[in-house]
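# Topology and contacts: notes
Each chain, written out:
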Amino acid sequence: MIGLIAVTAAGQRAAERLAEAWPGTRRYEGSASAALPRAFAECDAIVCFLAVGAAVRLLAPLLGSKHTDPGVVCVDEALRYAVPVIGAHAGGGNDLARRAALVLGGEAVITTASDAVGSVALDEFGADLGFVLETGSELAAVGAAVLSGERVTLTAGAAWPLPPLPPNVVSGDPEPGVPAIIVSDRLGPFGTTGPTVVYRPPSLVVGIGASRGVPAAEVTALIDGALADAGLSPRSVRQAATVDLKADEAGLLAAIQAGDWPLAVYPADALATVPVPNPSEVVRAATGTPSVAEAAALLAAAGPRPAVPGDPATPGDLGTPHGSGGTELVVAKRASAHATVAVARARPRGRLAVVGIGPGARDLLTPRAVAELRRASVIVGLDQYVDQVAGLLRPGTTVHATGLGHERERAAAAVAEAAAGRAVALIGSGDAGVYAMGSPALELAGETIDVVGVPGITASLAAAALLGAPLGHDHALISLSDLHTAWEAIERRVTAVAEADLVACFYNPASRGRSWQLRKALSILAACRPPGTPVGWVRDASRPGEAVGMSTLAAFDPAQVDMRTLVIVGSSRSRMVAGRMVTPRDYLWAPS
Ligand code: SAH
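Please read all numbers here as calculations on a predicted model, not as lab measurements. (Residues numbered from 1 in each chain as written. Predicted model: local features only at pLDDT ≥ 70, side-chain atom pairs only at ≥ 80, totals over all residues. Heavy atoms only, no water.)

### Details of the sheet that holds strand E3 (residues 45-49)
Reading across from one edge, E2-E1-E3-E4-E5-E6 is the order of the six strands in this open sheet, with mixed pairing throughout. At either end of the open sheet lies a strand with only one pairing partner, and these are strand E2 (26-28) and strand E6 (107-108). Pairing of strand E1 (residues 2-6) with E2, which is carried by three bridges, proceeds in the parallel orientation. If you follow Ile5 over to E2, its bridge partner there is Tyr28. Relative to the sheet, helix H2 (residues 32-42) contacts E1, E2, E3 and strand E5 (81-86), its axis offset from that of E2 by approximately 150°. Relative to the sheet, helix H3 (residues 52-59) contacts strand E4 (71-75) and E5, its axis offset from that of E5 by approximately 20°. (Pairing = 2+ DSSP bridges. Helix = DSSP H or I, 4+ residues; strand = E, 2+ residues; numbered from the N terminus. Contact = heavy atoms within 4.5 Å. Axes fitted to C-alpha atoms, helices over the stretch in contact; angles between N-to-C directions.)

### Comments concerning the site of the ligand
Taken together, 20 residues form the shell around the ligand, and within it Val434, Thr458, Ala541, Met563 and Thr565 come nearest. Contact between the ligand and Ser429: a nitrogen atom at 2.9 Å from a main-chain N or O atom of the residue. At 2.8 Å from a nitrogen atom of the ligand is found a main-chain nitrogen or oxygen belonging to Ala541. Taken together, the residues of the shell around the ligand sort by class into eleven nonpolar, five polar and four charged. (Near = heavy atom within 4 Å. Polar contact = N/O pair within 3.5 Å; in protein donor to acceptor, adjacent residues only side chain to side chain. Nonpolar A, V, L, I, M, F, W, Y, C, P; charged D, E, K, R; others polar.)

### Observations regarding the environment of Val56
The residue Val56 is located in helix H3 in this model. Spatially, the C-alpha atom of Val56 lies 9.8 Å from that of Cys74, the residues being 18 residues apart in sequence.

### So, the side chain of Thr242
Mapped onto the elements, Thr242 comes out in strand E13 (residues 237-243). Within the structure, the side chain of Thr242 is placed 2.7 Å from the backbone oxygen of Ile208, a separation counted as a polar contact. Non-local contacts of Thr242, meaning those with residues more than four positions away in its chain, are made with Ile208, Leu252, Leu263, Ala264, Val265, Tyr266, Val292 and Ala296.

### Some thoughts on the packing of helix H1 (residues 9-21) against helix H4 (residues 93-104)
At a minimum axis separation of 10 Å, H1 and H4 run at an interaxial angle of 105°. With respect to each other, H1 and H4 are oriented roughly perpendicular. Side by side, H1 and H4 meet where Ala14, Arg17, Leu18 and Ala21 of the first sit next to Ala100, Val103 and Leu104 of the second. Residue composition of the contact of H1 with H4, grouped by class: six nonpolar, no polar and one charged. (Parallel < 35°, antiparallel > 145°, perpendicular 65-115°, else oblique.)

### Re the pairing of strand E15 (residues 328-335)
As judged from the five bridges shared by E15 and strand E16 (residues 339-345), these two strands associate in the antiparallel manner. Among the inter-strand pairings, Leu329 is bridged to a residue of E16, identified as Ala344. Between the antiparallel neighbours E15 and E16 lie three residues.

### Let's talk about the pattern of salt bridges
Under the criterion given, the structure shown has 23 salt bridges. The shortest N-O distance in the salt bridge between Asp450 and Arg349 comes to 2.7 Å. Taken together, the positions of Asp450 in strand E21 (residues 450-454) and Arg349 in the loop between E16 and strand E17 (351-356) put the pair 101 residues apart, joining distant regions of the chain. For the salt bridge of Glu417 with Arg422, the shortest nitrogen-to-oxygen distance reads 2.6 Å. Members of the salt-bridge network, linked through shared partners, are Glu134, Arg200 and Arg235. (Salt bridge = Lys/Arg side-chain N within 4 Å of Asp/Glu carboxyl O.)

### Focus on the packing of H2 against H3
Geometrically, a packed helix pair is captured by the angle between its two axes and the distance between the axes. Packing of H2 against H3 leaves a shortest axis separation of 10 Å and a crossing angle of 60°. On the basis of the axis angle, H2 is oblique to H3. Seen along the crossing, H2 lies across H3 with a hand that is right-handed. For the pair formed by H2 and H3, the contact residues are Ala32, Ser33, Leu36 and Phe40 on the first element and Ala55, Leu58 and Leu59 on the second. Counted by class, the contact of H2 with H3 contains six nonpolar, one polar and no charged residues. (Left-handed = near helix turned anticlockwise from the far one by under 90°.)

### Examining the packing of aromatic side chains
Counted according to the given criterion, the structure contains six aromatic pairs. For the pair Phe125 and Tyr199, a centre-to-centre distance of 5.0 Å together with 50° between the ring planes defines the contact as tilted. One end of the pair, Phe125, is in the loop between helix H5 (113-116) and strand E7 (132-133); the other, Tyr199, is in strand E11 (residues 196-200), and 74 residues separate them in sequence. A single burial state applies to Phe125 and to Tyr199, both of which are buried. A cation over an aromatic ring shows up here: Arg99 above the ring of Trp22, its NZ or CZ 4.7 Å from the ring centre. (Phe/Tyr/Trp six-rings, centres within 6.5 Å; stacked < 30°, edge-to-face > 60°. Buried < 20%, exposed > 50% of the residue type's maximum accessible area, 1.4 Å probe, protein only. Lys NZ or Arg CZ within 6 Å of the ring centre and 35° of its normal.)

### A look at the nonpolar core
Membership of the largest hydrophobic core comes to 23 residues, with the highest contact counts inside it found for Leu480, Val494, Phe506, Leu518, Leu525, Val567 and Val569. Among the elements of the structure, strand E23 (475-479), helix H17 (487-500), strand E24 (503-507), helix H18 (516-526), strand E25 (534-539) and strand E27 (565-569) are those that each provide at least two residues to this core. Each residue touching Phe506, except ones within four places of it in the same chain, is listed here: Ile478, Leu480, Val494, Leu518, Ala521, Leu525, Thr565, Leu566, Val567 and Val569. Ranked by size, the runner-up nonpolar core spans 21 residues in total, among them Leu204, Ala226, Leu232 and Ile256. (Core = buried A, V, L, I, M, F, W, Y, C linked by side-chain atoms within 4.5 Å.)

### Focus on the environment of Ala34
On the secondary structure map, Ala34 appears in helix H2. Judged by its relative accessible area of 40%, Ala34 falls in the partly exposed class. Spatially, the C-alpha atoms of Ala34 and Leu58 are 9.3 Å apart, while their sequence positions differ by 24 residues.

### Comments concerning the side chain of Thr583
Relative to the helices and strands, Thr583 is located in the segment after strand E29 (580-582). Thr583 sits in the buried class, given a relative accessible area of 3%. Of the polar contacts made by the side chain of Thr583, one reaches the backbone oxygen of Pro470; its length is 2.6 Å. Once residues within four sequence positions are removed from consideration, Thr583 is found in contact with Ala469, Pro470, Leu471, Gly472, His473, Val503, Ser571 and Ser574.

### Thoughts on a nonpolar patch on the surface
Among the surface-exposed residues, Leu466, Val548, Met550 and Met576 lie close enough to one another that they form a single nonpolar patch of about 290 Å² accessible area. Of note, Val548 is situated in strand E26 (residues 547-552). With relative accessibility at 37%, the residue Val548 sits in the partly exposed group. (Patch = residues over 30% accessible without salt bridge, like charges linked within 9 Å, V, L, I, M, F, W, Y side chains within 5 Å. Areas by Shrake-Rupley, 256 points an atom, 1.4 Å probe, with all protein chains shown as cover.)

### Considerations on the pairing of E1
The element E1 is extensively covered by neighbouring structure, given that five of its five residues are classed as buried. Of the two faces of E1, the one holding Ile2, Leu4 and Ala6 and the one holding Gly3 and Ile5 are both buried throughout. Strand direction decides the pairing type here: E1 and E3, joined by five bridges, are parallel. When the bridges of E3 are listed, Leu4 appears paired with Val47. Each parallel crossover has a hand, and for E1 linked through H1 to E2 it is right-handed. (Right-handed = clockwise from strand over helix to strand, strands pointing away.)

### Concerning H2
All buried positions along H2 are accounted for by Ala32, Ala35, Leu36, Ala39 and Phe40. Seen along its axis, H2 keeps its buried residues to an arc of 130°; they face one direction. Here the buried face of H2 lies against E1, E2, E3, H3 and E5. (Arc of directions from axis to C-beta.)

Purely spatial values, then, with no claim about function.
Here's what the structure looks like:
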């Protein structure tokens, strides 16, 4: 819950705006000296409309640890600045300040070093991948080395789709005396002699079989022993798995609960299809599958990691079939009196984000797209679009920029990078799935990578907003480019649009080599709708040189249109109202 504290009239009004924008916030009335301690105890984050100095005095006696304290943001009386005072990373203060600034029209004042130089903070490193920081990690020393440009080694047991790291962080084995970042599910030692940070990736799945009445302690001891003997960290266990017959076995469930693992449950016939090293006919006779522990561990490890609740960008499980995906059994079946366990290691899944960067203006690029661009270690796109977002990328990001016309290569490069385990953002203007890179990439992408789509404001929406409300009723998007589509097909679709009386949005209306197609399309529409039907065009919507024009089907001159223009032709119901193009919403019942 977010707490809001305001004492002045201006602060109260601003707090009201935040409360409206963010349902579920709580207002704290009364003096700040009484309200802040209460909010501090009850909230995950707090926005105070107070001077930073006043807040610091009130917060000082309340401070605990940066891992548990709420993030506290101060906003000045004129609403110009939102300043995260404590809990900037773990308490979400930086994010809260950015969100408050967005609602109130001010600016977030970010002072944490890693954000100021644009690099990833080590206390957040891999958090969205499910990494857990090992106790005893020397975050401060390694973090300072990363920021100061000192050499730091990064040793990862597998190719995790990590965020970009600055060039002084080099992949490879630890070096004597050099600060080290380790990503591993192994207990160690890792051979480091400098300050070290160890992250536990969510790489292990414990498969469990049990007979009726198994005690929880027996299951726990069997799992602990299996992991310890194999030199594996229990903190890397991401999930447990079993057969559906055992999904209500109390001892098994209690052991899983103690480990705080989600449980994947499979029917026996699904488990029976998994090749395992130690099948058993006795088990088959009892359960219908020759293996429970080994097969369940392997099957769950081959699937996507269980979703993180509340994270909008967690790739959904799109019903991905469980391919083998490089999964390996790291502990073969072990048995105790009433239980069996086996441990499988999942191969990390690369991440492909298909990101629409909007029509041009920076404020029409969504915050989620910005987050994905900063999350990716590899950016793939057309050079002009990459230039457009270059300022947002973190240091260390690899850029694959190519010129016009290399769509297949771009798509293939993005998919290959993700398949190699990297975090890739494939970008496109507007929405990256509308006449853009999304489909060629996803035609190539296999089941072993996660795909995240980030919608962008497509040209037809950007243009429509400038023209008025031309898309108030049914409409169609048509690309007039006959580069990849036969003109006959395009013409058939335009004819259908004309006959259906749909508003038409023409993408790719013309280019240097293509001039007659738009004229032809307009003539097809003109056969079915009145000569006075409004036609609007927008060149470079939300970019420098933006131009907007309106005309009618009879008067419109297609010669003014080029490849940077979008054309919208109204339906027979569209009309001009006070110089704006409007398609009435109520098609049948509106008074004409
Ligand atoms: N993925 C893009 C469309 C790519 S097709 C999107 O969703 O917007 C390229 C065509 O889109 C151009 O020929 C032009 O018709 C249109 N277009 C893209 N951006 C535009 C802009 N800012 N202003 C006007 N038209 C634009």
